[in-house]
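# Structural features, examined
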Amino acid sequence: MVLQILSTCQKVVSESKDVQIISSNIPKLALKIYTLIEEDKLTLDEFKKCPLHPKNEDEDAINWIFIVDSLNYCFFDPNNKSHWSVTWKNEKHTGYFGLCAAINRAIEKGINMTDMKTCLELTRNQLDEILLGDDGTTLPLLQERYLCLQQSADVLLKKYKGSFVNCILESNHSAQKLLEIISENFFHFRDESIYNNQTVAIYKRAQILIADIWSSFRGSGLGEFHDIDTLTMFADYRVPQVLLYFGVLKYSDNLKDTLKQGILLEHGAPEEVEIRAASIVAVNDIVNEVKKLMANKNVHKICNSIMVDTYLWGYRRENAAMLEDTPYHKTLNIYY
């Protein structure tokens, strides 16, 4: 499954018309990431450091991650009129962190969001209320989110005794096997597109679910996966923006103009598939470059696509103003 992701994306890159990988700009970015890893400033502890994430390492934590990642997509307003945010414990959060805050707020109010029976019995209005942002702001695709939550809870109750732990146990510590279990059982994680009449596997959210469990459990216990390094990066709309900023990706003038005008791309449109595929291949190339640096300097630390993605995604959030003029694509869909 994971190897299929990389190989199908490499094929897209070889045929791409609007997106290129500029390999000569990879070493500079790789050196930056290598330095952070060497100085222990980029580790698999990043997930745990976030105050919104579970601190416990148990079944509740696993189910919390599963529910959050069942709803973790599309946080922008297509009309650019409002910015969805959720205030929890006197702190305002946006995007993915806003979702974490909304779920934590619901749990605090007595709605047990780590219990699949509770999730299945929620009405659409109740979920809308749980996800209601500050000043009445709402998320797009609310009906789709409701259906995703319903399916996640329903399948887990019927096939896995209401616990995502049982999916992990069935995977036998293999990230690839878990990816297969997720994509076969939960349709909303089945992230594929067609490009030049061929299926392209991307699986952004299924992979991020596995990576979040790995990070939350620091690679041990329920978070131990012997093949975790075979996961690719999580192709969304912000990491490609950072790769473009660093000159690792290059867009055609037509594509840049489209994005600068704020025109939404259709999910599955050739340009959208090219952006996501090139991001996956580029991050894999960056990881390989970092590993070369480690080998040359005899450094034995973890580096994989998950960690590089974590860095790039965080870089955008920390340098939002600086990246304001770097275009990025938007698409209304349930896959990222």
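The name recorded for the protein in an unreviewed UniProt entry is Queuosine 5'-phosphate N-glycosylase/hydrolase, from Aphis craccivora. Reading the Sequence similarities (unreviewed entry) entry of the UniProt record for the protein gives the comment "Belongs to the QNG1 protein family." In its Function (unreviewed entry) section, the UniProt entry covering the protein states "Catalyzes the hydrolysis of queuosine 5'-phosphate, releasing the nucleobase queuine (q). Is required for salvage of queuine from exogenous queuosine (Q) that is imported and then converted to queuosine 5'-phosphate intracellularly."

It is worth spelling out the overall build of the protein at this point. When helices and strands are tallied, the protein shows 15 helices and six strands. In terms of overall size, the protein behaves like a compact globule, its C-alpha atoms giving a radius of gyration of 19 Å where 336 residues would be expected to give roughly 20 Å. Along the longest, intermediate and shortest principal axes, the C-alpha atoms of the protein span 55 × 45 × 45 Å. Counting every position in the protein, which comprises 336 residues, the buried fraction comes to 57%. Pairs at least 24 residues apart make up 76% of the contacts formed inside the protein by residues separated by at least 6 positions. A total accessible area of about 14600 Å² is found for the protein, and carbon and sulfur atoms account for 47% of it.

Summed over all chains, the structure comprises 14 salt bridges. In this structure, the salt-bridge partner of Lys-49 is Glu-46, at a minimum N-O distance of 3.2 Å. Here Lys-49 pairs with Glu-46, and both are found in helix 3 (residues 46–49), just three residues apart, close to one helical turn. Accessibility expressed as a relative area gives 52% for Lys-49, which makes it exposed. Using a relative accessible area of 24% as the deciding quantity, one classes Glu-46 as partly exposed. Note that Glu-57 and Arg-218 form a salt bridge whose closest N and O atoms lie 3.6 Å from each other. Taken together, the positions of Glu-57 in the loop between helix 3 and helix 4 (59–70) and Arg-218 in the loop between helix 11 (204–216) and helix 12 (239–245) put the pair 161 residues apart, joining distant regions of the chain.

Time to look at the packing of helix 4 against helix 8 (residues 142–159). The interhelical angle for the contact between helix 4 and helix 8, taken along N-to-C directions, is 145 degrees, at an axis separation of 9 Å. Residues Asn-63, Phe-66, Ile-67 and Ser-70 of helix 4 form the contact with helix 8, whose participating residues are Cys-148, Leu-149, Ser-152 and Leu-156.

The subject of this paragraph is the side chain of Asn-304. Among the structural elements, Asn-304 can be located in the loop between helix 14 (270–296) and helix 15 (305–318). Judged by relative accessible area, which is 1%, Asn-304 ranks as buried. Of the polar contacts made by the side chain of Asn-304, one reaches the backbone nitrogen of Met-307; its length is 3.1 Å. Here Asn-304 is in contact with Trp-214, Ile-228, Asp-229 and Val-287, once residues within four sequence places are set aside.

Attention now goes to the layout of surface pockets. When its volume is computed, the largest pocket comes out at roughly 1300 Å³. Lining the largest pocket are 50 residues, with Tyr-96, Phe-97, Trp-313, Gly-314 and Arg-317 sitting closest to its centre. Listing elements by their share of the lining of the largest pocket, those giving two or more residues are helix 3, helix 5 (95–108), helix 11 and helix 15. No other element matches the eleven residues that helix 15 contributes to the lining of the largest pocket. Residue composition of the lining of the largest pocket, by class: 26 nonpolar, eleven polar and 13 charged.

Attention now goes to the pairing of strand 4 (residues 192–195). Here strand 4 shows one buried face, formed by Ser-193 and Tyr-195, and one open face, formed by Glu-192 and Ile-194. Pairing between strand 4 and strand 5 (residues 198–201): four bridges, direction antiparallel. Within strand 5, the position partnered with Ser-193 by the bridge is Val-200. Counted between consecutive antiparallel strands, the loop separating strand 4 from strand 5 contains two residues, among which Asn-196 sits at a positive phi close to 50 degrees.

With respect to the element layout, Ser-174 can be found in the loop between helix 9 (165–171) and helix 10 (175–185). A distance of 2.9 Å separates the side chain of Ser-174 from the side chain of Asp-227, its partner in a polar contact. Discounting chain neighbours no more than four positions away, the residues touching Ser-174 are Phe-225, His-226 and Asp-227.

Rules used in this analysis
Residues numbered from 1 in each chain as written. Predicted model: local features only at pLDDT ≥ 70, side-chain atom pairs only at ≥ 80, totals over all residues. Heavy atoms only, no water. UniProt positions renumbered as here; feature names shortened; annotations may be inferred. Helix = DSSP H or I, 4+ residues; strand = E, 2+ residues; numbered from the N terminus. Rg over C-alpha atoms; globule rule 2.2 N^0.38 Å. Buried < 20%, exposed > 50% of the residue type's maximum accessible area, 1.4 Å probe, protein only. Contact = heavy atoms within 4.5 Å. Areas by Shrake-Rupley, 256 points an atom, 1.4 Å probe, with all protein chains shown as cover. Salt bridge = Lys/Arg side-chain N within 4 Å of Asp/Glu carboxyl O. Axes fitted to C-alpha atoms, helices over the stretch in contact; angles between N-to-C directions. Polar contact = N/O pair within 3.5 Å; in protein donor to acceptor, adjacent residues only side chain to side chain. 1 Å grid on protein atoms, 1.4 Å probe; cavity = no way out; pocket = protein on both sides within 12 Å on 5 of 7 lines; lining within 4 Å. Points joined across faces, edges and corners; volume = space filled by probe spheres on them. Nonpolar A, V, L, I, M, F, W, Y, C, P; charged D, E, K, R; others polar. Pairing = 2+ DSSP bridges.

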